[in-house]
Every structure is written in C-alpha cells, then in structure tokens.
Amino acid sequence: MTTSCFDARQILLSAALCGLLWIGEYPDHALAVQRMDVVDESSISVTVSSRDVNVITAPSPILHAYTSKPEIEVKTQGRHVIVTTGATAGELVLLTEQQVYVLQLKPQNGPSETIILNDRRVADTTNQTDQEQQNSADYIDELTTLMRNVFLGQAPAGMRVIETPKERHLTWVELELVHDRLYRGATYLLRRVEWRNDTAGTQTFREKSFFTGRELAIAFDRLRVEPGQSVTAVMVYPAPGRDAERPASPLPPAEQ
C-alpha cells in the first residue's frame, strides 16, 4: 500500500472503518457493504449513512459526479466517489468513461456504507485479476477485524499489549490524555489512544489530521467530542521491521 491517504484501497478501508464509529452505540451492527448488479439504465436505490462518509465504487473511472442538492457533498477519485449526505435524500448522477449511473440516495441513521456497482456491460478497466481483488478484500476484512477488537479493548490473538512510553505519547491540544496503548503482532502494530475533553467547548476530529504517511488506517469512535466526553482513536502501522522503509514507530527502541 502506498502512503497516500487517497490510495484507492485506503479509501475503501476508511469507509469500512467508519462503521467502527458506531461500536459504542451498536456493538452488534455489521459493517455495511452493498453490491449492486446493474443491468440497464434504470435508477439505482441505495441506502447511505446520514452521519458518516460513504464510498461508491463504479466499474470504470468517474469523469464527473452531479447532484442537484447543495447539501450533498461529493468528491471523486478514480473509480470512487465519496459522499456525505446528512439527512438529505436525492439523486446522484455518475458519468463514467463507459456508462452513466443514476443513484437514488436514501440516508438512514447507521454506519458508513460502501456501495460497489457491478456492471457486466462494462469491460474490466481496473487491470486487477480476481485473485488481486480478493486479496484486497481480505486485507480490508483483516484490518477491520483487528481494529474492531482493539476499539473494544480486546487484544487480538497473537498480539502483545504494551504501554506507549510517556515521551512518545500522542497528545492533542486542549484534550486530556487518558491512555496510549500499543498492540504488537507479527504483521501489524496497532495503537489505541483515548483522550477526554475537560474543556467547556466542543472539539472536532478528522482522520486526515492524523495521517503522517506511516499509518495504514485510522478510525475514531466519534469525530465530535462534547465537554466531558472521551474519544478513542485506533491506528494501524506495519510491524517494526516489516516495512523496507522502516517508518518511525511509537515503540521504544528496545521493543523495535
């Protein structure tokens, strides 16, 4: 995986991980992926999250994405479109290199949705073999499962729990650090950080603010932190020694 936060696989992973933001309220809710088979020009009805970002993946690169609703935010990147609707329902038109798709967006109070459009009329332009696509899906499933366990405070099988040294604590302006803990495995190093808002004001977070180029994934249990509330972040790194570029690690030198 590249270090860009706009890597296609990372976008999909970020969407899947947005479902983790709901663990505290819906611990049994499965992460949502919708696979839509397209056979003609009919409009496509899809459910989207009213609170989190959603990702729609088209069969071929997206040239333009249109909506008549100014409340709906749309950003495109290759075959992917990132959509934030809030409570606003509406149409989204995707003009791709080979087809035009009309989606009817129906917001609901739930976790982030990943929507994959499968269109047999479209030639495969991704240059990915079936095995490569499966490997990508397996990768996303593996990291999502690991992060879900860590969010719940459970050490994944085969991982060792380490307290982050004080000099390497991840602090955030105006928030009190509750704990900074590491989960080390053979392949990945996960970091769980919890802060508490002891101020009189609301604090907001964005995953992008925490990307340094070393993280494989980042997720928060909430992005808006009211006074008295706590927020937990989980970050994933390659295990020290596995990455050829040896990215900086939160571990002390003796543990690397």
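A few points on the structure. The structure displayed is predicted, hence computed values, not measured ones. (Residues numbered from 1 in each chain as written. Predicted model: local features only at pLDDT ≥ 70, side-chain atom pairs only at ≥ 80, totals over all residues. Heavy atoms only, no water.)

1. Quick notes on the environment of Met147
Reasoning step 1: Examined against the element boundaries, Met147 turns out to sit in helix H2 (residues 130–151).
Reasoning step 2: Each C-alpha atom, one on Met147 and one on Ile218, is 8.9 Å from the other, the two residues being 71 residues apart in sequence. (Helix = DSSP H or I, 4+ residues; strand = E, 2+ residues; numbered from the N terminus.)

2. Observations concerning the pairing of strand S9 (residues 113–119)
Reasoning step 1: Here S9 lies mainly inside the structure; 6 of its 7 residues are buried.
Reasoning step 2: Bridge count for strand S3 (residues 54–57) against S9 is 3 bridges, and the pairing is parallel. Bridge pairing in S9 places Ile56 opposite Ile115. (Buried < 20%, exposed > 50% of the residue type's maximum accessible area, 1.4 Å probe, protein only. Pairing = 2+ DSSP bridges.)

3. Focus on the side chain of Asp180
Reasoning step 1: Along the chain, the position of Asp180 falls in strand S11 (residues 176–184).
Reasoning step 2: Residue Asp180 is classed as buried on the basis of its relative accessible area, which comes to 2%.
Reasoning step 3: Here the side chain of Asp180 touches Thr164 through a polar contact of 2.9 Å, side chain to side chain.
Reasoning step 4: Only 2.8 Å separates the side chain of Asp180 from the side chain of Arg191, close enough to count as a polar contact.
Reasoning step 5: Apart from the residues within four sequence positions on either side, Asp180 is in contact with Glu163, Thr164, Arg168, His169, Leu170, Arg191, Arg192 and Val193. (Polar contact = N/O pair within 3.5 Å; in protein donor to acceptor, adjacent residues only side chain to side chain. Contact = heavy atoms within 4.5 Å.)

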